[in-house]
Every structure is written in structure tokens, then in C-alpha cells.
Amino acid sequence: MLQDVAQQVGDQADEALMARVGHGDKAAYRELVDRHLARANRLAYRITNNRSDAEELVQEAFLRVWTTAPRWKVEGALFRTWFSRVLVNLCIDRKRRPGFAPLEAAGDPPDETIGAEARMMQDEEAKAVGAAVAELPERQRAALALCYWDEMSNLEAAEVMSLSVGAVESLLVRARRNLKASLGTALGRQLEDG
């Protein structure tokens, strides 16, 4: 009975301290931390089974005490009950998060460099396309350069070339058709898709 009265007096003092913390009283905050730190560390460790996680979560819980204090309402739960709920929820949330996999599980990153044979094929295709583009009439080359290599919209290319959008689109169609004829079906299909 005497212990219950002493506990009740202690809990009431916690609420009074919390009200002072809400007004920015750092000494009252230190008193709350001193009173509840050891118990909070034990509780968090029992839930997480990891000392560093427990310490981090207790710090987070005490940070929430400081940030929540201005909105604290004494008529709600007792401070100890509220603080325990905050800490337990933080611990449970941490346990729900997937853990880190060991570094070995990641494996080696894929080698994204292309092989010598593929590089030679790309170089040959680039030369062929370059030669075919060089054979196009100037305005078709300009439309291709603006729309494909400079990534302009047809409207922007039309403004640059002082043409209508329809005229630019017509130039692009003729340029693709000419390239398809000079490069062959395979490369021509790539250009139509691109």
C-alpha cells in the first residue's frame, strides 16, 4: 500500500515535469530522463535483444518526449504509461523492418561493359549509319539531328528550322525511308522504332 502511494506520487511528479518540459524547461527534461532511462533501456533491450538498437530507440523515445511536451495533456494517460507505449511501438516497428543482409549475399555486381565483338559491331553500325546520314539532303539531316540527337520536340525543331510541324514530320519520314533503303531492312527497322 505504501509503495502504491509512493508510485502514485512519483507518477504525478512525472506529469508535472512533463508540463514544465512543454514550456522548454531543460532541467525538468533531464529529471525525466534520469528517472526513466535505466528502465527504458532494459525494456527496449528485452524487446529488441540488441543493445545498440535499444539505446538508439530509447534516444528516439526521449526525443519524442521533448517534441510532444508542448501538446501534452495531463488528463490523458500517465507519463510512464504513455512513454512506455511510445518506446514499445518504436521497438516493434524496428523489429518489423527487414534487417540488413550480409555483404556476401549481395554477390558481385554485373559487368556492364560490352565485349570486344559487340563493341566492333556497334562501331561498324555507327559508321554505316553515319555514312548513310551524310548522304541525306541537308534539311532531312537537320531534322534528324534536332529531333533524334538533340532530343528536341517536333515543334521545337520546326521553330529552329522556320518550318511548320507538319513539314518537319514529313522530313523525318523521308529521312527514315531513305536510311532504311540505304542501310537495309534491319537497321532501317531500328531507325523507325527509334
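Residues numbered from 1 in each chain as written. Predicted model: local features only at pLDDT ≥ 70, side-chain atom pairs only at ≥ 80, totals over all residues. Heavy atoms only, no water.

## Considering the nonpolar core
Counting 23 residues, the largest nonpolar core has Met18, Val65, Phe79, Trp82, Phe83 and Leu87 as its most contacted members. A per-element tally of this core places helix α4 (residues 79–96) first, with seven residues. Discounting residues that sit within four places of it in the chain, Val65 has contacts with Met18, Tyr29, Leu32, Phe79, Trp82 and Phe83. (Core = buried A, V, L, I, M, F, W, Y, C linked by side-chain atoms within 4.5 Å. Buried < 20%, exposed > 50% of the residue type's maximum accessible area, 1.4 Å probe, protein only. Helix = DSSP H or I, 4+ residues; strand = E, 2+ residues; numbered from the N terminus. Contact = heavy atoms within 4.5 Å.)

## Re the packing of aromatic side chains
What the rule picks out here adds up to four aromatic pairs. Ring centres 5.1 Å apart and planes at 75 degrees place the aromatic pair Tyr29 and Trp66 in the edge-to-face group. Taken together, the residues Tyr29 in helix α2 (residues 26–48) and Trp66 in helix α3 (residues 51–68) connect sequence positions 37 residues apart. Judged by centre distance (6.1 Å) and plane angle (45 degrees), the rings of Phe79 and Trp82 are tilted. Of this pair, Phe79 and Trp82 both sit in helix α4, three residues apart, which is roughly one turn of that helix. Grouping residues by exposure puts Phe79 and Trp82 together as buried. Three or more aromatic residues joined by ring pairs make a cluster, and in this case those are Phe62, Phe79, Trp82 and Phe83. (Phe/Tyr/Trp six-rings, centres within 6.5 Å; stacked < 30°, edge-to-face > 60°.)

## Points about the side chain of Thr68
With respect to the element layout, Thr68 can be found in helix α3. By relative accessible area, Thr68 is classed as buried at 17%. A distance of 2.7 Å separates a polar atom in the side chain of Thr68 from the backbone oxygen of Arg64. (Polar contact = N/O pair within 3.5 Å; in protein donor to acceptor, adjacent residues only side chain to side chain.)

## What about the confidence of the model for the chain?
Summarising the model, the chain shows a mean pLDDT of 81, and 82% of its residues fall at 70 or more. Across residues 1–11, where pLDDT falls below 50, the model places four contacts with residues more than four positions away in sequence or in other chains. (pLDDT = per-residue confidence, 0-100.)

## Considering α2
Its axis deflected by about 50 degrees at His36, α2 carries its strongest bend there. Two or three places before Ala27, at the opening of α2, Asp25 has a side-chain oxygen 3.0 Å from that residue's backbone nitrogen. In the segment just after α2, Asn49 is the residue with positive phi, at about 60 degrees. (Bend = angle between axes of the 7 residues up to and from the residue.)

## Considerations on the side chain of Gln140
For Gln140, the position within the fold is in helix α7 (residues 138–149). Not counting chain neighbours up to four residues away, the residues in contact with Gln140 comprise Leu171, Arg174, Ala175 and Asn178.

## Some remarks on the packing of α7 against helix α8 (residues 154–161)
Where α7 meets α8, the axes come as close as 9 Å, and the angle between the chain directions of the two elements is 135 degrees. As summarised for this structure, α7 and α8 are arranged oblique, according to the angle between their axes. Every pair of crossing elements has a handedness; the one defined by α7 and α8 is right-handed. Contact residues: Arg139, Ala142, Ala143, Leu146 and Cys147 in α7; Asn154, Ala157, Val160 and Met161 in α8. (Axes fitted to C-alpha atoms, helices over the stretch in contact; angles between N-to-C directions. Parallel < 35°, antiparallel > 145°, perpendicular 65-115°, else oblique. Left-handed = near helix turned anticlockwise from the far one by under 90°.)

## A look at the environment of Ile92
Residue placement: Ile92 occurs in helix α4. In this structure, the C-alpha to C-alpha distance between Ile92 and Ala44, residues 48 residues apart in sequence, is 9.6 Å.

## Topic: the pattern of salt bridges
Applying the stated rule across the entire model yields seven salt bridges. Put simply, Asp14 and Arg35 hold a salt bridge, and the shortest N to O gap is 2.6 Å. Highlighted residues: Asp14 in helix α1 (residues 2–21) and Arg35 in helix α2, separated in sequence by 21 residues. You can call Arg35 partly exposed: its relative accessible area is 37%. Glu31 is the salt-bridge partner of Arg35, the closest N and O atoms lying 3.0 Å from each other. Taken together, the residues Arg35 and Glu31, both in helix α2 and four residues apart, mark about one turn of the helix. A relative accessible area of 32% means that Glu31 is categorised as partly exposed. Among the charged side chains, a salt-bridge network with shared partners connects Asp14, Glu31 and Arg35. (Salt bridge = Lys/Arg side-chain N within 4 Å of Asp/Glu carboxyl O.)

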